[in-house]
Amino acid sequence: MPHWRHPELPDEAEIDLTPARLGVRKNLVRVFYKDLWDKADLSLVPQIFHPDFTFRGSLGPVLIGHRQFSDYVSWLTDTLDDYTSDILELVEEGPRVSGKLRFHGIHRRTLFGEPPTNGRVWWYGAPIFTFDGPLVRDLWVLGDVYGLRSRLDPAWSERLSFNRAPGASS
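Residues numbered from 1 in each chain as written. Predicted model: local features only at pLDDT ≥ 70, side-chain atom pairs only at ≥ 80, totals over all residues. Heavy atoms only, no water.

Section: the sheet that holds strand S3 (residues 80-93)
By definition, the strands of a sheet pair up through backbone hydrogen bonds, in either a parallel or an antiparallel sense. Taken together, 6 strands build an open sheet; the order of strands is S2-S1-S6-S5-S4-S3 and the sheet is mixed. Among the strands making up the open sheet, the edge pair consists of strand S2 (62-64) and S3. Neighbour-to-neighbour, the strand axes of the sheet open up by a mean angle of 20°, direction not taken into account. Summarising the sheet, strand S1 (residues 49-56) and S2 pair through 3 bridges and their orientation is antiparallel. Note that in S2 the partner of arginine 56 across the bridge is valine 62. Contacts from helix H3 (residues 65-79) reach S1, S2, S3, strand S4 (96-107) and strand S5 (120-132) within the one sheet, and its direction differs from that of S1 by about 50°. (Pairing = 2+ DSSP bridges. Helix = DSSP H or I, 4+ residues; strand = E, 2+ residues; numbered from the N terminus. Axes fitted to C-alpha atoms, helices over the stretch in contact; angles between N-to-C directions. Contact = heavy atoms within 4.5 Å.)

Observations concerning the packing of helix H1 (residues 24-37) against H3
Two elements in contact, H1 and H3, have axes separated by 12 Å at closest approach and are oriented at 55°. Classed by the angle they form, the pair H1 and H3 counts as oblique. Residue-level inspection shows Phe32, Leu36 and Trp37 of H1 in contact with H3, the latter providing Phe69, Tyr72, Val73, Leu76 and Thr77. Partitioned by chemical class, the residues of the contact of H1 with H3 number 7 nonpolar, 1 polar and no charged. (Parallel < 35°, antiparallel > 145°, perpendicular 65-115°, else oblique. Nonpolar A, V, L, I, M, F, W, Y, C, P; charged D, E, K, R; others polar.)

Observations concerning the side chain of threonine 130
Looking at the secondary structure, you find threonine 130 in strand S5. Exposure remark for threonine 130: the relative accessible area of 18% places this residue in the buried category. Look past the residues within four positions of threonine 130 in its chain and what remains in contact with it is Pro95, Arg96, Leu135, Val136, Arg137 and Asp138. (Buried < 20%, exposed > 50% of the residue type's maximum accessible area, 1.4 Å probe, protein only.)

Structure below.
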């Protein structure tokens, strides 16, 4: 069931996250986002990931193992109050689950060199979970860092231009 929508976010509803309607792998992805991330419940890390799993996060870091990942979760959930993951799509094929997510929170600490705005910031992410047995061996997340940067500092969006250079041929 979708949660309350923030007026600062695009109007996109979460998928039906009723555990009984999800397969085993999709349900583990649901637990990862809704319980581990949204509640910062680090006790779930060993229940979801192999001890030496690899992680490439939506904001760019490449990490290995439970400790590095847990430190990243703590850092981001401390930086963004009310950190929330909206699961907009999930697709399962073989040992992989991928999806479309929107991550958001209230910007309370410096992020990408930008001082706190105390406003809600958000970005999209596209994860690919690779399972090895019942646990995740690798998680790769492509994140819309440019979109986040332009919400932290609107001048960022002014730097992108799709205008052709004068004299460019078609």
